[in-house]
Amino acid sequence: MVFTRRPAAVLTAIVAACAMAISLTACTTDANSQDTADDRTTVTSSAPGVVAMFTPSDGITLNQQTPLNKWAKLTPNLTKALTSAGFKKGDISHTTSDSLDKQSRAIQDYVVNHLSGSNTTDDAGIVISPDNITLLVAPVVEADASTRQYGDYVSQELSTADTAEGSDSTDSSDSSNSSDSSNSSDSSDSSTGSDSTDDSSSDASKTAGDSKNAAQAEAVDRLVSSLKLAKESGMHVVLMGNSIKGYKPDAFVRFSDAQAIGKLQAEKIVSKLELSKASKDNPKYIEVLMPYTAVDESGEASDSTFVQEAFRGIWQVLGAYYQKGVVESPSGTLNGNSTEDDWQSVAYDASKEGSTAKVLDARLAKADEHASPTRIDGIIAMNDYIASEVVTELDDLGYTGSAADINPQITISGIVGNITGKKDLSRSDVPDPIKSPEKDDSADSTDSADTQDDSTATDKTDKTKDSQWPLVTGYGAYVSNIPSIVNGKQWMTGIEDRQTLAENIAEACALLNKGQTLTSMSSVRNTEVGGKKKVPTISGPLLAVSASNLKVTLIDPGYISLADAGL
């Protein structure tokens, strides 16, 4: 009976399908949808479809010392761009998660619910086909304290071997357990002097670490399985910022990476100081600060990949100038024999309070207490948090003026006028002698009286130049640092072009939901992502922001207000 009923059931299904096909062809079709007996409509390829965003939560910010490159800042730009691309607001959803565990579960639930039919229509009764759904996923990747200073978009790779991630609850538990074990160990040592409790504490930490790693691996596997299921069902997956090792999405959005951030600041220093015109007889003096977290919360050595890549980006630009001798490091940390592997020469543990001030004070140490400040033309501080500490320390060391003094025709009043829309800036090159005054022998033929007068004048000029405020670079466009950029204490910062990226992402979602490729997009090129080749990748250049273009880059797009700039 089982075998005779099965063909009959199949035949019945085929007949029903044919009848449905005939009835559908007989209906009058619309360009966007088709009516059915229960007044529901089915989305066709001409409709934009649905976009579901999954991003990390930003956490609580208690002050303005935070970069503008935050997920909470990007998602409104994305929503606006998606609606402009034709998506309905009701078809755009956004879920935030404070851990990879929670995010992977949220994505799993979303995919399963849509495939099971429990959530296949929107509020208007539109039937959502899987191939009309795009998942925008920014995997939760926990960064150390120093990396977070660059913002949320710094690209990292997620893998089951990455032990730096996990749920917040796990982190809290591990921290508590570690603390309790440490306290217990200290108490035991003071009373017995035995090492047994140290071993016990070590074992407990190892167990907690193993548990955390296992939870992390489980969350990654769940995320990958959910995304694979989504793609197999016809949905489209676009990863943003962070890649997943071994997983190939339909598209990838590449934000800033360590090399790009370092390279941006180095290139702007080269341009502003006109290093192509510098000479050995009158070199420029540049210091590079590479802040990083040496040890993580569990007491283990942190991953130094970010700081290594950042220095590599800097050295690819500045290395040749050090080798030619036209750029020198006052501290001697870098020289013509340095390579891109010498990042440790300029790296320091920024997790310790006051560490930046101590490092800068040591590098710019005076010959004696009566000497003028050590001449310095530029300081690459890497991010705005460090840049703010550099500005404070330079002031304490007796440096005067601002970056605006490097181009005398740009005054602070002129900068303010430009930002408020009252006037345009005029620029001219700053004359800089090929030979420094102390190395110029042209005065040897003058009489002794004139020579003495010239020497006195030259000495004053040298001291003034030695104490001249240098160019200070950063990244992140911290709101708290904007007034320093306006007054020239911090020369430049960097930021992602969020609006352009959002528009490109929205265009990609619309094309994917229509079953089209992204080859028509000028912002897309194939790259290797997570070890997978030929992944369509959306990217754009970073924006360098200084007082001269602050209005165009930050104020006009609405990223900050005039009040934020202190105007």
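Remember, predicted model here, so these are calculated numbers, not experimental data. (Residues numbered from 1 in each chain as written. Predicted model: local features only at pLDDT ≥ 70, side-chain atom pairs only at ≥ 80, totals over all residues. Heavy atoms only, no water.)

## Section: empty space enclosed by the protein
Point 1. Scanning the model with the defined rule gives 1 cavity of 30 Å³ or more in all.
Point 2. When its volume is computed, the largest cavity comes out at roughly 70 Å³.
Point 3. Around the largest cavity, the lining residues are D144, S146, T147, Y150, P291, Y292, T293, D303, S304, F306 and V307.
Point 4. Of the residues belonging to the lining of the largest cavity, the class tally is 5 nonpolar, 4 polar and 2 charged. (1 Å grid on protein atoms, 1.4 Å probe; cavity = no way out; pocket = protein on both sides within 12 Å on 5 of 7 lines; lining within 4 Å. Points joined across faces, edges and corners; volume = space filled by probe spheres on them. Nonpolar A, V, L, I, M, F, W, Y, C, P; charged D, E, K, R; others polar.)

## Description of helix α8 (residues 305–324)
Along an α-helix, a turn takes 3.6 residues, which lines up residues three or four apart on a common side.
Point 1. Taking 1.5 Å per residue as the helical rise, α8 with its 20 residues ought to reach 28 Å, and the 28 Å between its terminal C-alpha atoms agrees with that figure.
Point 2. Approximately 50° is the largest bend angle found in α8, and it occurs at L318.
Point 3. With its phi angle positive at about 85°, G325 sits one or two positions after the end of α8. (Helix = DSSP H or I, 4+ residues; strand = E, 2+ residues; numbered from the N terminus. Expected span 1.5 Å × (residues − 1). Bend = angle between axes of the 7 residues up to and from the residue.)

## Considering the sheet that holds strand β7 (residues 236–240)
Point 1. An order of β3-β2-β5-β7-β9-β18-β17 is seen for the 7 strands of this open sheet, with the pairing classed as mixed. Each edge of the sheet is formed by a strand with only one pairing partner; in this case those strands are β3 (92–97) and β17 (524–529). On average, each strand axis in the sheet is inclined to that of its neighbour by 30°, with strand direction left out of account.
Point 2. The pairing of strand β9 (residues 251–253) with strand β18 (residues 532–538) spans 2 bridges and is parallel. Among the inter-strand pairings, V253 is bridged to a residue of β18, identified as I538.
Point 3. Here helix α3 (residues 100–116) sits on the sheet and contacts β2 (50–56), β3 and β5 (133–137); the angle it forms with β2, its principal contact strand, is near 165°.
Point 4. Across the face of the sheet, helix α14 (residues 498–513) comes into contact with β2, β5, β7, β9 and β18 while running at roughly 145° to β5. (Pairing = 2+ DSSP bridges. Axes fitted to C-alpha atoms, helices over the stretch in contact; angles between N-to-C directions. Contact = heavy atoms within 4.5 Å.)

## Here's the deal with α14
Point 1. Helix length check: α14, at 16 residues, gives a terminal C-alpha distance of 22 Å against a target of 22 Å (1.5 Å per residue), a fit within 8%.
Point 2. Along α14, 12 of the 16 residues are buried, which leaves the element largely enclosed by surrounding structure.
Point 3. Within the span of α14, buried status applies to R498, L501, A502, N504, I505, A506, A508, C509, A510, L511, L512 and N513. (Buried < 20%, exposed > 50% of the residue type's maximum accessible area, 1.4 Å probe, protein only.)

## Observations concerning the confidence of the model for the chain
Point 1. Model confidence for the chain is summarised by a mean pLDDT of 79, while 70% of its residues fall at 70 or above.
Point 2. Looking at the elements of the chain, mean pLDDT is at its lowest for helix α1 (residues 2–26), recorded as 40, and at its highest for strand β14 (residues 378–380), recorded as 98.
Point 3. Low pLDDT, under 50, characterises residues 162–194; the predicted model gives this stretch 37 contacts beyond four residues in sequence or across chains.
Point 4. Overall, residues 423–430 carries pLDDT values under 50, and its contacts beyond four positions in sequence, including any with other chains, amount to 23 contacts. (pLDDT = per-residue confidence, 0-100.)

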